[in-house]
Amino acid sequence: MILSRYERMIARRYLLPGKGEAFILLVAGFSLGAVMLGVAALVIVMSVMNGFRAELFDKIVGLNGHAVVQGIGGQLPDWRRIVEIAKATPGVTSATPLIEQPLMTSYNGRVEAVLVRGLNVPDIRNNPTISTKIVMGSLASITAGSNRIAIGSRLAEALGAQVGSEISLISPQGQTTPFGTVPRIVSYTVGAIFEIGIYDYDKSYVIMPMQDAQTLLLMGDSVGMVEVQTVDADRVGPILQPLADKVGGRAVISDWRQMNAQLFEALAIERVVMFCVLCIIILVAAFNIASSLIMLVRAKTRDIAILRTMGASRGGMIRIFMTVGTTIGTLGIVAGLILGFTFLVFRQNVVDFVQWVSGQNLWDPTIRYLTILPSKTDPFEMIAIVLIAFLLTFLATLYPAFKAASTDPVQVLRYE
């Protein structure tokens, strides 16, 4: 929208009304603030929800892979053959055998439910989700036959255990006696403590060499499943279809969407709903801009009439008031982006401060899964937010602008 020199001068004058028009300026300020808060809320909420999904996906997939090949009956005796077939499947980047079994653990009279995961020692050390999250001890001490394990930080806290502590794992698959099966209890030394960042994992996971897990669970040379990584998590179904055809009858394949379907579907629905609800804030802000412009038109009716008698065109009036409205909206959008990104940078500090002031735990990891407030900004979403805010602001200026352009100077100046 190209404005002439006098149109720019008048638009600038109307953006900063005089002393007797402070109320109009106040309403315009509220409109700008509403746009700012609406845009900031959208930026913050969408970035946090994207970060929540990304963190969950990265850590869940980092531990469980894009899919798992599970043996029928809980065991895969021919797992080496399945690993070879999986690695030969186009689109598969890795296939890792593992054992996963829920057990009980005890230490100093404290008992907790755990999920034991047995992996080959190189796979434990090369897994970035585990190896980069060690808070105490070292994975180098965990080798086959060493009776050393790695446990989550929340589990260590619940048991009161530290690196070097000896904890007992209790397996129901023990020795059969005339009085029933005696649970198998084996002591292990804590060699490392990790903190993945997902509460459920940090509270229950026990990582040990696969050979030790096979001995503990009396599995012989079998494993429970084969974890598979692919080149594209979103296409895991088509990629693994040839593998599913080859292992049918011996094993079943479950991908990350099936294993966590309820969680990710709930996140997707909540994300759409929150976006729509927060767009209402921007819509309300657009109504505020429209009302402030209508008030400005009413206050400047005489000025508009004089400008029309001096040769100002209807199009010129439309451009002036549309410029005023869109300028308020644009300033609000820019301020909202600055406020939103500033909050995201200091988001954890803000959460900690509010918790300190209110005395309430706003981010309970037992409920939120993650231990810290995540964030991930999607550039395309940010562009969509800006475009939606600008479009609503632009539409809000149309009625006041056309109302100003329709002013009849003869009627206004009849008694002047």
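Residues numbered from 1 in each chain as written. Predicted model: local features only at pLDDT ≥ 70, side-chain atom pairs only at ≥ 80, totals over all residues. Heavy atoms only, no water.

Scanning the protein chain from N- to C-terminus turns up 17 helices and ten strands. The C-alpha radius of gyration of the protein chain comes to 32 Å, more than 25% above the 22 Å expected for a compact globule of 416 residues. For the protein chain, the spread of C-alpha atoms along the principal axes amounts to about 115 × 50 × 35 Å. For the protein chain, with 416 residues in total, the buried portion stands at 46%. The contacts of the protein chain with a sequence gap of at least 6 include a subset with a gap of at least 24, amounting to 79%. When the accessible surface of the protein chain is summed, it comes to about 20700 Å², and 61% of that surface belongs to carbon and sulfur atoms. (Helix = DSSP H or I, 4+ residues; strand = E, 2+ residues; numbered from the N terminus. Rg over C-alpha atoms; globule rule 2.2 N^0.38 Å. Buried < 20%, exposed > 50% of the residue type's maximum accessible area, 1.4 Å probe, protein only. Contact = heavy atoms within 4.5 Å. Areas by Shrake-Rupley, 256 points an atom, 1.4 Å probe, with all protein chains shown as cover.)

On the surface, Phe353, Val354, Trp356 and Val357 cluster together into a nonpolar patch covering about 470 Å² of accessible area. Among the secondary structure elements, Phe353 is positioned in helix α14 (residues 347-358). Look at Phe353 and you get exposed, because its relative accessible area is 51%. (Patch = residues over 30% accessible without salt bridge, like charges linked within 9 Å, V, L, I, M, F, W, Y side chains within 5 Å. Salt bridge = Lys/Arg side-chain N within 4 Å of Asp/Glu carboxyl O.)

Tallied over the full model, the rule gives two aromatic pairs. Relative to Trp356, the ring of Phe353 lies with its centre 6.2 Å away and its plane at 35°, an arrangement referred to as tilted. With a gap of three residues between them, Phe353 and Trp356 both fall in helix α14, about one helical turn apart. We note that Phe353, like Trp356, is exposed. (Phe/Tyr/Trp six-rings, centres within 6.5 Å; stacked < 30°, edge-to-face > 60°.)

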